[in-house]
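Commentary on secondary and tertiary structure
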Amino acid sequence: MKKFILAICFLLIFFISISGTVYSADSEEIHFSNDSSDFVQVSDVDPDVILEIRYYSTYNFVGDRIDGYEEPTALLTKEAANALKEVSEDLKEKGYRLKIYDAYRPQNAVQHFVRWSKDKDDTRMKDYFYPELDKSVLFDQGYIMNHSGHSRGSTVDLTLFDEKTGKELDMGGTFDYFGERSHPDYKNITDEQYNNRMILREAMMNHGFKPLDEEWWHFTLEDEPYPDTYFTFPVSESSVSNN
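Criteria and cut-off values
All residue numbers here refer to positions counted from 1 along the written sequence of the relevant chain. The model is predicted, so local features are restricted to residues of pLDDT at least 70 and side-chain atom pairs to those at 80 or more, both for listing and for counting; the totals for chains, interfaces and linings are taken over all residues. As a rule here, side-chain values cover all heavy atoms of the structure and leave hydrogens and water aside. Exposure categories follow from relative accessible area, calculated using a 1.4 Å probe and restricted to protein chains: below 20% of the type maximum is buried, above 50% is exposed, and the middle band is partly exposed. By definition, any uninterrupted DSSP run of H or I lasting at least four residues is a helix, any uninterrupted run of E lasting at least two residues is a strand, and each is numbered from the N terminus. Here, a strand pair is defined by DSSP locating no fewer than two bridges between the strands. Throughout this description, the term nonpolar core refers to a set of buried Ala, Val, Leu, Ile, Met, Phe, Trp, Tyr and Cys residues connected via side-chain atoms within 4.5 Å. Two residues form a contact once any of their heavy atoms are found within 4.5 Å. Each residue after the first adds 1.5 Å to the expected span of a helix. It is the directions from the helix axis to the C-beta atoms that the arc portrays. A patch consists of residues whose relative accessible area exceeds 30% and which take part in no salt bridge; residues with like charges are grouped when within 9 Å of each other, and nonpolar side chains (Val, Leu, Ile, Met, Phe, Trp, Tyr) when within 5 Å. Accessible surface area values rest on a Shrake-Rupley calculation with a 1.4 Å probe, where residue burial reflects the displayed protein chains alone. Take a side-chain nitrogen of Lys or Arg and a carboxyl oxygen of Asp or Glu: if they are within 4 Å of each other, that pair is a salt bridge. His is not counted, nor are the chain ends; Lys and Arg add positive charge and Asp and Glu add negative charge. The location of each charge is read from NZ of Lys, CZ of Arg, CG of Asp or CD of Glu. Each axis is a line fitted through C-alpha atoms, taken for helices only over the stretch in contact, and angles between the N-to-C directions span 0 to 180 degrees. What sets the label is the angle itself: under 35 degrees gives roughly parallel, over 145 gives roughly antiparallel, 65 to 115 gives roughly perpendicular, and the rest give oblique. Left-handed describes a crossing in which the near helix is turned anticlockwise from the far one by less than a right angle; the clockwise case is right-handed. In this classification, Asp, Glu, Lys and Arg are treated as charged, Ala, Val, Leu, Ile, Met, Phe, Trp, Tyr, Cys and Pro as nonpolar, and every other residue, Gly included, as polar. Per residue, pLDDT captures the predictor's confidence, and it can take any value from 0 to 100. Under the pairing criterion, centres of Phe, Tyr and Trp rings, with the six-membered ring standing for Trp, must be within 6.5 Å; the plane angle then separates stacked pairs below 30 degrees from edge-to-face pairs above 60, leaving the rest tilted.

With that out of the way, let us pick up the pairing of strand E7 (residues 155-162). Along E7, 8 of the 8 residues are buried, which leaves the element largely enclosed by surrounding structure. Direction of pairing for strand E6 (residues 96-102) relative to E7: antiparallel, over a ladder of 6 bridges. Each bridged residue has a counterpart across the sheet, and for Arg97 the counterpart in E7 is Phe161. Relative to strand E10 (residues 215-221), E7 is paired through 3 bridges, and the arrangement is antiparallel. Pairing of Thr155 across the sheet is with Thr220, part of E10. The pairing of E7 with strand E8 (residues 167-168) spans 2 bridges and is antiparallel. Bridge assignment links Phe161 to a residue of E8, and that residue is Glu168. In this antiparallel pair of consecutive strands, E7 and E8, the connection spans 4 residues, and Gly166 shows a positive phi of 75°.

For the rest of this paragraph, the subject is the nonpolar core. Grouped together as the largest cluster of nonpolar side chains are 55 residues, with contacts concentrated most on Phe61, Leu84, Ile100, Leu158, Met204 and Phe209. Examining the composition of this core, we find that 6 residues originate from one element, helix H3 (residues 78-92), more than from any other. Filtering out sequence-adjacent residues up to four positions away, Ile100 remains in contact with Val42, Val49, Ile50, Leu51, Glu52, Ile53, Ala74, Leu84, Val156, Asp157 and Leu158.

This part is about H3. Within an α-helix, residues lying three or four positions from one another point in the same direction, as the helix has 3.6 residues per turn. The end-to-end C-alpha distance of H3 is 21 Å, a good match for the 21 Å that 15 residues give at a rise of 1.5 Å each. Residues of H3 that are buried: Ala80, Ala81, Ala83, Leu84, Val87, Ser88 and Leu91. Seen end-on, H3 carries its buried residues on one side only, within an arc spanning 165°.

To continue, consider a negative patch on the surface. Judged by side-chain charge, Glu132, Glu180, Asp185, Asp213 and Glu214 come together as a negatively charged surface patch. By the element assignment, Asp185 lies in the loop between E8 and helix H6 (191-205).

Two numbers describe how H3 lies on H6: the axes approach to 9 Å, and their chain directions differ by 130°. As the angle between them shows, H3 and H6 are arranged oblique. As for the relative orientation of H3 and H6, their crossing is right-handed in sense. Across the interface between the two elements, Leu84, Val87 and Leu91 from H3 touch Ile199, Ala203 and Met204 from H6. Residue composition of the contact of H3 with H6, by class: 6 nonpolar, no polar and no charged.

Turning our attention to the confidence of the model for the protein. Scored by pLDDT, the protein has a mean of 91; 88% of the residues are at 70 or more. A low-confidence stretch, residues 1-19 (pLDDT under 50), is modelled with 2 contacts involving residues beyond four sequence positions or located in other chains. Of the regions scoring below 50 in pLDDT, residues 23-27 engages in 3 contacts with residues more than four places distant in sequence or in other chains.

Inspection of every chain in the model, using the stated rule, returns 21 aromatic pairs. Each ring, one from Phe39 and one from Phe231, has its centre 4.9 Å from the other, and the planes form 70°; the classification is edge-to-face. Remark: Phe231 occurs in strand E11 (residues 229-231) and Phe39 occurs in strand E3 (residues 39-41); sequence separation between them is 192 residues. Given the relative accessible area of 0%, Phe39 is considered buried. The interplanar angle of 55° and the centroid separation of 5.0 Å between the aromatic rings of Phe61 and Phe178 together place this pair among those described as tilted. One end of the pair, Phe61, is in the loop between strand E4 (50-51) and strand E5 (75-77); the other, Phe178, is in the loop between E8 and H6, and 117 residues separate them in sequence.

In structure tokens form, the structure reads like this:
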């Protein structure tokens, strides 16, 4: 019987390895793929975007470069990148450029976040990103999850850059701040800060992106081409060099 059980286990592992499908604790199917053929560098589609890829740097809520970020570039599905270019062209007429903090996020980066969330002693960046929360609640409250929409390739985190002032627009809160202040409709900010959030939100929604209730900077292409697939290839130019 023991040999039979071991044989079944090996067969299951083999099936998962060739199918790219696993099952979560609630029996939800999770599909993984290493196929980057439908992805592009955003800057190749729209050279006007500004990149500040936070997870390639150490200025993020973890305090380290995140696994899977091999180069400071932004990748998206072709569909999302083309839609974002339309946003950029509209905003350019108003004197703004898009500044991207994160786009496609590989699954091993998400796993890095999960490992970090379980290390209760590592609070190096608490004062910057989660001063109002104890680190122990970040996973339970959904700030850290086992899977991220970013890994499906059509989600982007971004802000606006004002060509006239040479600075980012003041959004009344920083990227990746864990707390109510990051909610798009947070009212305890100035009218100007709130209006700046709405300029970004309206432009993104006008071109098919849907916002997230908890983060003013986060948008997903509503008709994303891979709604059930989480990708695993690294963030690098070489991942999409042949596309």
